[in-house]
Amino acid sequence: MRSRHLTHFGLLEAESDGTFLHAVTGWDGDPDPRRVIHNVASSQHHPARVRRPAVRQGWLERGPGGTGRGDEPFIEVSWDEALDLVSGELQRVYGTHGSSAVYGDSYGWASAGRFHHAQSQIHRFLNCLGGYVAGVGDYSYGTSGALLPHVIGASPAEVMADATTWDVICEHTDLFISFGGLSEKNSAIGPGGIARHSTRAEVERARKAGCHFIDITPIRDDGFAEADTEWIAPRPGSDAALMLALAHTLDAEGLVDAEFLENYTVGYDRFIAYVRGLGDGQPKSPEWATRITEISSDTIAGLARRMARSRTMINVSWSMQRQDHGEQPIWLGVTLAAMLGQIGLPGGGFQHGYGSSADVGLARRVLSPPALPQGTNNEASYIPVARIADMLLHPGTRVPYNGIEVSFPHIDLVYWIGGNPFHHHQDLTRFRRAFQRPSTVVVHEQFWTSTARHADIVLPATMTIERDDFGAGRNDPHFFPMPALTRPVGEARDDYAIFAALEERLGLNQAFTEGRTVQQWLEHLYSDWRDRLSRKGYPVPPFDEFWRSEYIEIPVPDPGQVLHASFRTDPLASPLATPSGRIEIFSETIDSFGYDDCPGHPVWLEPREWLGQTNRRYPLHLISNQPKTRLHSQLDVGTTSRESKIQGREPVRMNPSDADARGLRDGDAVLIRNDRGSCLAGLAVSDALRPGVVQLSTGAWYDPDPSDPSFCRHGNPNVLTADLPSSRLSQGTTAQHALVEVERWEGPLPPITVDQPPAFVARGDVEPPTR
Ligand SMILES: Nc1nc2c(c(=O)[nH]1)N[C@H]1C(S)=C(S)[C@@H](COP(=O)(O)OP(=O)(O)OC[C@H]3O[C@@H](n4cnc5c(=O)[nH]c(N)nc54)[C@H](O)[C@@H]3O)O[C@H]1N2
Ligand SMILES: Nc1nc2c(c(=O)[nH]1)N[C@H]1C(S)=C(S)[C@@H](COP(=O)(O)OP(=O)(O)OC[C@H]3O[C@@H](n4cnc5c(=O)[nH]c(N)nc54)[C@H](O)[C@@H]3O)O[C@H]1N2
Ligand SMILES: [Mo]
């Protein structure tokens, strides 16, 4: 009998013998299952699984303190002892310093499933103890998350939930321009799951209906073959200049919808004065942009004319803001769409992230699926999430952020579940130094990731396929029961069970569990959700029937939704949630902050590291984008991920001309380096890359050389990236880009150790910690 379970990568179908999964496929209801699903079963019993609770030797022997973190071996302990240690630390830190000393944001993607969602679990638990220092925003679209509310009065998530649907695009869009591409690989994944991968079929349908796709990206083959895409490859980081020149042509040739600008926007006059060069004497003409982007002025002017002639969708991917001054291309995408006057029209306007994930372009549901309530966080201090290393290294410092100042708290305890900061953060050498600062780091993990290796107490967590849950991906109308497919590996426990055991030790009086088992929680959350739906007039079956079903559908009121349609129909009755109620091409609010790295209207600002720099130290532009063969660092030991490696290292792709110039051949082991660090990789030569650009995707488990943590033997790009914010407005990550050099690795390759468990030592006569 085949059973099913929802993952971020799709609905998995398999036969189970109770311990192992066999004959794994995607769901037969999925038109386009993707290969990343095969990482799940192939990693479940991998030696890199955390099988028993473990404590870093130095921490167990000497008590709290960060020296030796990441270097020392571990001692396996019983669950009882591990839980005593964790509850003791929680008592010590909350008792001595309070919640401002606990960093519990625990950023990360965790697994699909609404109840066991790791961040919901840990936030609820820490809130029962008085709260925790949170990280606001995210690594995905943290920069646009700060910007877009000022410009269009909505968060990126709201803009996406209300996205013009693919149905409408197929019918109306003539020209679909994607800055940052329309990614085939990224549409494999949806946060919380994706039942039916429909992007490919929609793109093909739109193409057949006459829609023309243009991808603006340094990497050609990110797109769908079905889209028959036209490729424009600017220098990475130069898109704002390209977009300003498009605006210049629209203005110079009278192709602007003045009536729309008049009725729906504010501040166009200030912006267009800048485009015309009235203040700085430099018109942002196509000729000007050619010097920056290396795209010909004819191509730019021609593109502007085609945009004005067509029903044009301007799509700006999330990658465009994961860079220096990442606000600018997003703001310019909105501005160009406003100049065309197509915002709120079917098939035209602006979107942020078609293709960046599978859900963008699905219609909004009447209600999100049930989720575990997180309670209230009574701790007031927080940080912009990507400033974690700054916080740990410089407690007490204040940084500007979105018009205010944030003060960094003193952190004594870091508690992380469902995320891998040694994958996701930038400049890992610096981060590793910062991570030594707290007294104690507690991690629940399924695998011995680099984060687990840099923890003091590691508790083995179940994988989603090992526990009962339910789930629906973001915007996905399919809501699935997710019964456990196998028993847990080793001694792994659910995060919920771990917190429940800590609750008992801490005498929390069932504040966390409310006395419920997992099944009771599922039923309780579902029933409550069902009541809310039924009050809205949407009946769904009772829990038992749902649990026995294949899935139920969450109703979708308007499959033909068009972003900003009601605003367009009546901007007075349906204003945007901006100060003016309109699209803010000039924002008084942002201007009042006085940030020269994000002024009051969109501008061109030179990135700190890019190919156009006159004094650049390294000749190649590294793009560290999302990996095709996995989700971030998740299940890197699974087969789909492993099969992509070259000589066991993460593949780096490079144009043949750059390879020739360095005497490099396809399949070579190479060293990628800059001033911040270096890593090994395996070379894949490909003309899909713009010359001068190399691509090393994220997620290879960081495997630091024991004598030099700035050297990763496996190929994690974050030893090369800079830990610098995109601007003071957002303090967002600039993870996507860095300048590097690539050279052949001479001599024997050092072994990779991160795919095996760390060294364990026996306890011997170690005394219990005194505290
Ligand atoms: N250079 C560079 N860096 C980047 C980016 C980039 O573009 N370039 N992109 C950034 C972006 S957009 C993101 S979102 C981040 C992603 O960064 P993360 O979300 O931190 O990465 P994941 O690999 O998904 O980490 C999830 C971890 O949780 C564990 N896990 C899964 N389920 C559970 C569970 O139920 N319980 C517990 N206890 N653990 C669980 C997994 O084993 C895994 O180690 O990376 C960022 N980093
Ligand atoms: N398979 C897979 N899919 C994923 C993920 C994953 O880990 N694996 N992660 C998910 C997550 S958390 C997120 S946030 C999204 C991220 O979605 P995105 O941020 O959209 O994805 P990336 O892969 O980081 O980058 C997309 C592409 O942008 C282009 N690009 C990069 N820099 C520039 C530039 O300066 N100019 C232009 N014009 N183009 C540029 C490159 O072609 C790059 O491949 O993906 C989601 N989907
Ligand atoms: Mo992300």
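Residues numbered from 1 in each chain as written. Chains lettered and ligands numbered in written order. Predicted model: local features only at pLDDT ≥ 70, side-chain atom pairs only at ≥ 80, totals over all residues. Heavy atoms only, no water.

Student: Please set out empty space enclosed by the protein residue by residue, giving values where relevant.
Tutor: With a probe scaled to a water molecule rolled over the atoms, the places where space remains empty come into view. Considering all chains together, one arrives at two cavities of 30 Å³ or more under this definition. Roughly 50 Å³ of internal volume is contained in the second largest cavity. For the lining of the second largest cavity, the per-class residue count stands at five nonpolar, five polar and no charged. (1 Å grid on protein atoms, 1.4 Å probe; cavity = no way out; pocket = protein on both sides within 12 Å on 5 of 7 lines; lining within 4 Å. Points joined across faces, edges and corners; volume = space filled by probe spheres on them. Nonpolar A, V, L, I, M, F, W, Y, C, P; charged D, E, K, R; others polar.)

Student: Give a description of the domain arrangement of the protein that names residues and reports values.
Tutor: A common way to state how big an interface is: give the accessible area lost once the parts meet. When its domains are assigned, the protein resolves into domain 1 (50-137 + 370-471 + 478-553), domain 2 (142-184 + 205-221 + 233-365 + 566-584) and domain 3 (620-744). Of note, the centres of domain 1 and domain 3, computed from C-alpha atoms alone, are 29 Å apart. Residue-level contacts link 27 residues of domain 1 with 28 residues of domain 3. Both faces considered, domain 1 and domain 3 share a buried interface measuring about 2300 Å² in area, 56% of it formed by carbon and sulfur atoms. If you sort the residues of domain 1 by the area they bury against domain 3, Arg387, His423 and Gln426 come out on top, with a joint share of 27%. Here domain 1 is connected to domain 3 by two salt bridges. When the shortest N-O distance is used, the salt bridge between Arg387 and Asp723 registers 2.7 Å. Scanning the region where domain 1 abuts domain 3 turns up 17 residue pairs in polar contact (both at pLDDT 80 or more). Where the side of domain 1 that touches domain 3 is concerned, the elements lending two or more residues are β15 (398-401), α16 (421-424) and α17 (428-434). Ranked by residues supplied to the side of domain 1 that touches domain 3, first place goes to α17 with four residues. (Domains from an automatic or database assignment. Contact = heavy atoms within 4.5 Å. Buried area = accessible area lost by both parts, 1.4 Å probe. Salt bridge = Lys/Arg side-chain N within 4 Å of Asp/Glu carboxyl O. Polar contact = N/O pair within 3.5 Å; in protein donor to acceptor, adjacent residues only side chain to side chain. Helix = DSSP H or I, 4+ residues; strand = E, 2+ residues; numbered from the N terminus.)

Student: Which residues make up the sheet that holds strand β12 (residues 312-316), and what values go with them?
Tutor: Spatial strand order, β10-β9-β8-β12-β13: five strands in an open sheet with parallel pairing. Strands at the two margins of the open sheet, each flanked by one partner only, are β10 (230-232) and β13 (349-351). The sheet shows a mean angle of 20° between the axes of neighbouring strands, direction not considered. In this structure, strand β8 (residues 175-179) lies alongside strand β9 (residues 212-216), joined through five bridges in parallel fashion. From the neighbouring strand, Leu175 faces β9, where its bridge partner is His212. Helix α9 (residues 239-252) rests against β8, β9 and β12 of the sheet, and its axis sits at about 145° to β8. Where helix α14 (residues 327-340) meets the sheet, its contacts fall on β12 and β13, and the angle it forms with β12 comes to roughly 170°. (Pairing = 2+ DSSP bridges. Axes fitted to C-alpha atoms, helices over the stretch in contact; angles between N-to-C directions.)

Student: Before we move on, could you go through the environment of Ala389 and cite the residues and values that matter?
Tutor: Structurally, Ala389 is set in helix α15 (residues 388-393). Judged by relative accessible area, Ala389 falls into the buried class, the value being 0%. Considering only alpha carbons, one finds Ala389 and Arg642, 253 residues apart in sequence, at a separation of 30 Å. When residues no more than four places from it in sequence are discounted, the contact partners of Ala389 are His425, Arg430, Phe431, Ala434 and Asp723. (Buried < 20%, exposed > 50% of the residue type's maximum accessible area, 1.4 Å probe, protein only.)

Student: Could you give an account of the environment of Tyr702, naming the residues involved and the relevant values?
Tutor: Assignment of secondary structure puts Tyr702 in the loop between β28 (693-696) and β29 (704-705). With relative accessibility at 1%, the residue Tyr702 sits in the buried group. In this structure the C-alpha to C-alpha distance between Tyr702 and Asn263, which are 439 residues apart in sequence, comes to 52 Å. Not counting chain neighbours up to four residues away, the residues in contact with Tyr702 comprise Phe422, Leu428, Arg432, Ser450, His454, Pro709, Cys712, Asn716, Val719 and Val754.

Student: Tell me about the confidence of the model for the protein, and please be specific about residues and values.
Tutor: When the pLDDT values of the protein are averaged, the result is 97; 99% of them are 70 or greater. Low pLDDT, under 50, characterises residues 767-771; the stretch is placed with twelve contacts to residues that sit more than four places away or in other chains. (pLDDT = per-residue confidence, 0-100.)

Student: Can you lay out the UniProt feature "domain: Molybdopterin dinucleotide-binding" (unreviewed entry) in the protein for me, pointing to particular residues and giving the numbers?
Tutor: Following the UniProt record, the feature "domain: Molybdopterin dinucleotide-binding" (unreviewed entry) maps to residues 620-737 here. What you have in residues 620-737 is 9% helix and 28% strand, and the ends, taken at the C-alpha atoms, are 10 Å apart. (UniProt positions renumbered as here; feature names shortened; annotations may be inferred.)

Student: Account for the packing of α9 against helix α12 (residues 286-293), naming residues and giving values.
Tutor: Viewed as axis vectors pointing N to C, α9 and α12 meet at an angle of 165°, and their least axial separation amounts to 9 Å. Taken together, the axes of α9 and α12 lie roughly antiparallel to each other. Considering the relative orientation of α9 and α12, their crossing is left-handed. Across the interface between the two elements, Ala241, Leu242, Leu244, Ala245, His248 and Thr249 of α9 pack against Pro286, Trp288, Ala289, Ile292 and Thr293 of α12. Split by residue class, the contact of α9 with α12 holds eight nonpolar, three polar and no charged. (Parallel < 35°, antiparallel > 145°, perpendicular 65-115°, else oblique. Left-handed = near helix turned anticlockwise from the far one by under 90°.)

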